[in-house]
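Coordinates in review
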Amino acid sequence: MPNILSMRRSGAMVAPLIAAVAILGCIALAVTQHYLLFLFAALFTLLVMGVPIAISLAGSCLLYILLTGRVPDVVVVHRMINGIDSFPLLAIPFFILAGNLMNNGGITSRIFDFAKALMGWMRGGLGHVNVGASIVFSGMSGAAVADAGGLGTIEIKAMKDAGYDEEFSVGITAASSTIGPIIPPSLPMVIYGVMASVSVGQLFVAGLVPGLLMGLVLMAMITIISRRRGYTRDAVFSLPVLGYTFKRAFLSLLTPVIIVGGIMSGAFTPTEAAIAAVVYALVLGGVVYRSLTWRRLLKVSMETIETTAVILLIVAGASIFAWILTSNQVTQHVVTLLGPFADNPIATLIIINLVLIVVGCFMETIAAITILVPVLLPVAVTAGVDPVHFGVIMVLNLMIGLLTPPVGMVLYVLSRVSGISFEKCMRGTLPFLVPLVIALLLVTFIPAISLWLPTLLYR
C-alpha cells in the first residue's frame, strides 16, 4: 500500500491532469453549444484549479452568459447584489462576531470547566465533557468552525494531558463541533431560510431537538469506545465544585438562553437576537470578566469582517448560479427525473440524502445550500416533505460533509490548532461518523423530531 507521501505526490501529479482534461471538456461543450453542461464543467474546472469558490461560481456564470448572449453580462452583478440584499442575512456578521467574542473573552474556558464538573465523572469523562461543552457553545456561535477553533483548542489539550489517544480526542472534538449549526443560532439555517423563503425562527427551533439527539448518540459512542479502550472517569462528582464552576459560568450560560429564549418567545427576531448576543458578549468580556482588551477587540472585529466577506461573496456568487439553474428550468427537469418516486417520500429522501452527502464532501456548506435549495426543495415538497424539516435534513447532511475529505473544513481547522496531521484527524473522526449518520436517519424518517417544537410554538 503506498504511503501518505507517495499519495500526496501522485495527487499533485493528477490534479493538473484533471484540470487539463476539464478545460478541454469545457471547450468541447462550448463548441457543441451544450451551454448548461458547460456551466457545470466550468465550475468544476475552476475549483480543481484552486480558484476560490466565490470566484469560481461567479466566473463560471459570467462565461455562460457571455457564451449564450441571452442577457447582458451586467446581469451577473445585479443578481449577485440581489442575492445578498436580504434583511435576515444581517444576522450572519453579528452571530460570527458574537462567537468570536466568546472565544476571545475567556468564556469558552468557563463553559468547559462547568461541563467537566457536570459530566467528568462518567466513563470517558472528557469525551462527554467535549460533547456537553459543544452543545452549550452551539447556542452562542452557530458555526462548526468557530466551535472547533475555539473550544477545540481547550478540549484537545485537556484530553491529551489526561491520557486520551490523540486521534480519539480530535475525532470527538470534530464530531461534536457539527452540533453548532444544528442547535440555534445557526448560520447555515439563516442562508437556507433566505433561499427557501422559510421562517428562520422556525428553522432555529426545529434544530433544537435534533441537535440534542446528535449529542446523545455521540455520547453513546463515547461510552462504547471508552469501555473497549479502558478509559476511566476523569473527575469525582462534587456538588461544591459543580456549584463553583456553575457560578463562574452562569453569566456565560445565559447567552444561549437569551438567544434561543428570545426567539422562541417572540421577543427577538433572529437578527435582533444576533445583535443582542454581541452586546451581551461585549459586556461580559469587556466589563464583567475584563478579559477583552481593545487590541483583542480590534483583532476579533477584523476576523469577523474577513469571515463575513467570504460568506457573503459565496452567497452572492451562488445566487447567480441558482438563478441560471432556475431560469433554465433545471428544477422542473429534476422533478420530472424523480417523478417515479414522487409518491414515495422515503425513496425521495434517501436519494436526496445521498446527493447531499456526496456534495458535502466536495463543496463548502454555504455554497451547497445556495445552489441546491432551488433544485432539491421543490422535489422534496412534491414528495410531501415539510420545508422546515427539509432544512434540518440539508444542514445535518452538510455538517457531516465538514468531517469528510477532500474539503473537510473542520478537520483542517483542528489539524492546525492541535498540531496533529490531517490523516490522523481523519482516522480519529471515522468512528463518530456512525452515530452522526444514525442521527441523520432518525431525523430524516421521523419528521416529528424536527417539527414537534415548531408546530407547538408557531402553528
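The rules behind the values
- Residues numbered from 1 in each chain as written.
- Predicted model: local features only at pLDDT ≥ 70, side-chain atom pairs only at ≥ 80, totals over all residues.
- Heavy atoms only, no water.
- UniProt positions renumbered as here; feature names shortened; annotations may be inferred.
- Helix = DSSP H or I, 4+ residues; strand = E, 2+ residues; numbered from the N terminus.
- Buried < 20%, exposed > 50% of the residue type's maximum accessible area, 1.4 Å probe, protein only.
- Contact = heavy atoms within 4.5 Å.
- Axes fitted to C-alpha atoms, helices over the stretch in contact; angles between N-to-C directions.
- Parallel < 35°, antiparallel > 145°, perpendicular 65-115°, else oblique.
- Left-handed = near helix turned anticlockwise from the far one by under 90°.
- Nonpolar A, V, L, I, M, F, W, Y, C, P; charged D, E, K, R; others polar.
- Core = buried A, V, L, I, M, F, W, Y, C linked by side-chain atoms within 4.5 Å.
- Phe/Tyr/Trp six-rings, centres within 6.5 Å; stacked < 30°, edge-to-face > 60°.
- Expected span 1.5 Å × (residues − 1).
- Salt bridge = Lys/Arg side-chain N within 4 Å of Asp/Glu carboxyl O.

The chain goes by TRAP transporter large permease protein in an unreviewed UniProt entry, where it is assigned to Vreelandella sulfidaeris. Of the comments in the UniProt record for the chain, the one headed Subunit (unreviewed entry) reads "The complex comprises the extracytoplasmic solute receptor protein and the two transmembrane proteins."

1. Details of the overall build of the chain
Scanning the chain from terminus to terminus reveals 22 helices and zero strands. Counting every position in the chain, which comprises 459 residues, the buried fraction comes to 53%. At a minimum sequence separation of 6, the contacts of the chain that also span at least 24 residues come to 79%.

2. Regarding the packing of helix α7 (residues 125-138) against helix α9 (residues 166-177)
Two elements in contact, α7 and α9, have axes whose closest approach is 9 Å; the angle formed by their N-to-C orientations is 25°. One way to sum up the angle between α7 and α9 is to call them roughly parallel. Considering only the axes of α7 and α9, their crossing is right-handed. Across from Gly127, Asn130, Val131 and Ser134 in α7, the residues of α9 making contact are Ser169, Ile172, Thr173, Ser176 and Ser177. Residues belonging to the contact of α7 with α9 are distributed by class as follows: two nonpolar, seven polar and no charged.

3. As for unusual backbone geometry
Here the bond from Pro184 into Pro185 is cis, since omega is 0°, no more than 30 degrees from zero. Assignment of secondary structure puts Pro185 in the loop between α9 and α10 (187-196). Its identity is not glycine, yet Ser197 carries a phi of approximately 55°, on the positive side. Among the secondary structure elements, Ser197 is positioned in the loop between α10 and α11 (200-206).

4. A look at the nonpolar core
Ranked by internal contacts, the top residues of the largest apolar core, which has 130 residues, are Leu57, Tyr192, Phe390, Met394 and Phe432. Of all the elements, helix α18 (residues 365-382) adds the most residues to this core, at 12 residues. The contacts of Phe432, once residues within four sequence positions are left out, are Phe168, Gly171, Ile172, Ala175, Leu218, Met221, Ile222 and Ile225. Judged by nonpolar contacts, the second largest core, of five residues, contains Phe114, Ala117, Leu242 and Leu253.

5. Looking at the packing of aromatic side chains
This model, assessed by the stated rule, comprises seven aromatic pairs. Between Phe40 and Phe321, the ring centres sit 5.6 Å apart and the planes meet at 85°, which makes this aromatic pair edge-to-face. Linking Phe40 in helix α2 (residues 35-48) with Phe321 in helix α15 (residues 294-327), this pair joins segments that are 281 residues apart in sequence. For Phe40, a relative accessible area of 39% puts it in the partly exposed group. Joined through ring pairs, the aromatic side chains of Phe114, Phe246 and Phe250 make up one cluster.

6. Considerations on the environment of Pro431
Its location among the elements puts Pro431 in helix α21 (residues 422-445). Linking Pro431 and Ile225, residues 206 residues apart in sequence, is a C-alpha distance of 9.1 Å. Beyond its immediate sequence surroundings of up to four residues, Pro431 is in contact with Met221 and Ile225.

7. Overview of the environment of Pro185
On the basis of relative accessible area, Pro185 is assigned to the buried category, the value being 0%. For the pair Pro185 and Phe204, spaced 19 residues apart in the sequence, the C-alpha separation amounts to 6.2 Å.

8. Describing helix α17 (residues 345-362)
What sets the pattern is the α-helix's 3.6 residues per turn: residues three or four places apart point alike. Between its first and last C-alpha, α17 extends 26 Å over 18 residues, near the 26 Å set by a 1.5 Å rise per residue. On its buried side, α17 packs onto α18, α19 (387-401) and α21.

9. Description of α2
With 14 residues, α2 extends 20 Å from end C-alpha to end C-alpha; this agrees with the ideal 20 Å at 1.5 Å per step. Along α2, the positions that sit buried rather than exposed are Tyr35, Phe38, Leu39, Ala41, Ala42, Leu43, Thr45 and Leu46. Positioned one or two residues after α2, Gly50 has a phi angle of 85°, which is positive.

10. Thoughts on the environment of Gly266
Structurally, the position occupied by Gly266 is in the loop between α13 (239-265) and α14 (270-288). Gly266 sits in the exposed class, given a relative accessible area of 57%. With 192 residues separating them along the chain, Gly266 and Tyr458 place their C-alpha atoms 9.9 Å apart.

11. Describing the pattern of salt bridges
If you walk through the whole model with that rule in mind, you get four salt bridges. The salt bridge involving Asp113 is made with Arg248; its shortest N-O contact spans 3.5 Å. Taken together, the positions of Asp113 in helix α6 (residues 107-119) and Arg248 in helix α13 put the pair 135 residues apart, joining distant regions of the chain. For Arg248, a relative accessible area of 26% corresponds to the partly exposed category. The partner of Glu167 in a salt bridge is Arg427, with the nearest N and O atoms 3.1 Å apart. Note that Glu167 is positioned in helix α9 and Arg427 in helix α21, a separation of 260 residues in sequence. Residue Glu167 is classed as partly exposed on the basis of its relative accessible area, which comes to 22%.

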